[in-house]
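Structural features, examined
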Amino acid sequence: MRNIGCPYGSTLAIQHFRDAPVGSVITFVLDDEECFLTLKRLFPLLGQRIVKSETQDRVYKLSVLKLRLL
């Protein structure tokens, strides 16, 4: 979600994630640190697994394995 800040960016990410099939790994590319940190905390609380998290030059990537339906 580039050029979209929180809270709308986080909400939009969750909506897209909800549509993905179980077993998928979804990678979010963000440029808003607040959204990145929010999603990084939120997905484990929703029973999903963070498989990769990286930051480089104000670009944040978060890969999440969908373990179950939301």
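Provided above is the structure to which this section pertains.
Presented here is a report on the structure given in the accompanying data block. Within each chain, residue numbers correspond to sequence positions counted from 1 in written order. Where local features are concerned, this predicted model is filtered to residues with pLDDT of at least 70; where side-chain atom pairs are given and counted, the filter is 80 or more; whole-chain, interface and lining totals use all residues. Hydrogens and water molecules were not included; the side-chain quantities draw on all heavy atoms of the structure.

1. Examining helix α1 (residues 8-19)
With 12 residues, α1 extends 17 Å from end C-alpha to end C-alpha; this agrees with the ideal 16 Å at 1.5 Å per step. We call a residue buried when its accessible area falls under 20% of the maximum for its residue type, exposed when it is over 50%, and partly exposed in between, using a 1.4 Å probe and counting protein chains only. In this text, helices come from DSSP runs of H or I with a minimum length of four residues, and strands from runs of E with a minimum of two, each type numbered from the N-terminal end. Buried within α1 are the following residues: Gly9, Ser10, Leu12, Ala13, Ile14 and Phe17. Contact between two residues is taken to exist if any of their heavy atoms lie within 4.5 Å; hydrogens are not considered. Contacts made by the buried residues of α1 are with β1 (25-30), α2 (33-45) and β3 (59-65). By this rule the span expected of a helix is its residue count minus one, scaled by 1.5 Å.

2. Thoughts on the sheet that holds strand β2 (residues 49-56)
Spatial ordering of the open sheet is given by β1-β3-β2, a layout of 3 strands whose pairing is antiparallel. The sheet is open, and its two borders are formed by β1 and β2, each paired with just one other strand. Taking the axes of each pair of neighbouring strands and ignoring which way they run, one obtains an average angle of 15 degrees across the sheet. Where β2 lies against β3, 7 bridges are found, and the strand directions are antiparallel. For two strands to be treated as a pair, DSSP must find at least two bridges joining them. Axis definition: a line fitted to C-alpha atoms, over the contacting stretch in the case of helices. Angles run 0 to 180 degrees between N-to-C directions.

3. A look at unusual backbone geometry
What is expected of a backbone is that most residues other than glycine have negative phi and most peptide bonds are trans. Not every positive phi belongs to a glycine, and Asp57 is a case in point at roughly 50 degrees. Since its relative accessible area comes to 71%, Asp57 is described here as exposed. Not every positive phi belongs to a glycine, and Arg58 is a case in point at roughly 65 degrees. Looking at the secondary structure, you find Arg58 in the loop between β2 and β3.

4. A few points about the side chain of Ser10
Along the polypeptide, Ser10 turns up in helix α1. Residues within four places of Ser10 in sequence aside, it is in contact with Cys35, Thr38 and Leu39.

5. Focus: the environment of Val51
As for its position among the elements, Val51 is in strand β2. Distance from Val51 to Leu65, taken between C-alpha atoms, is 6.4 Å for residues 14 residues apart in sequence. Sequence-distant contacts of Val51, that is, excluding residues within four places in its chain, are made with Val25, Ser63, Val64 and Leu65.

6. What about the environment of Leu45?
Its location among the elements puts Leu45 in helix α2. For Leu45, a relative accessible area of 70% translates into the label exposed. Sequence-wise, Leu45 and Phe28 are 17 residues apart; in three dimensions their C-alpha atoms are separated by 17 Å.

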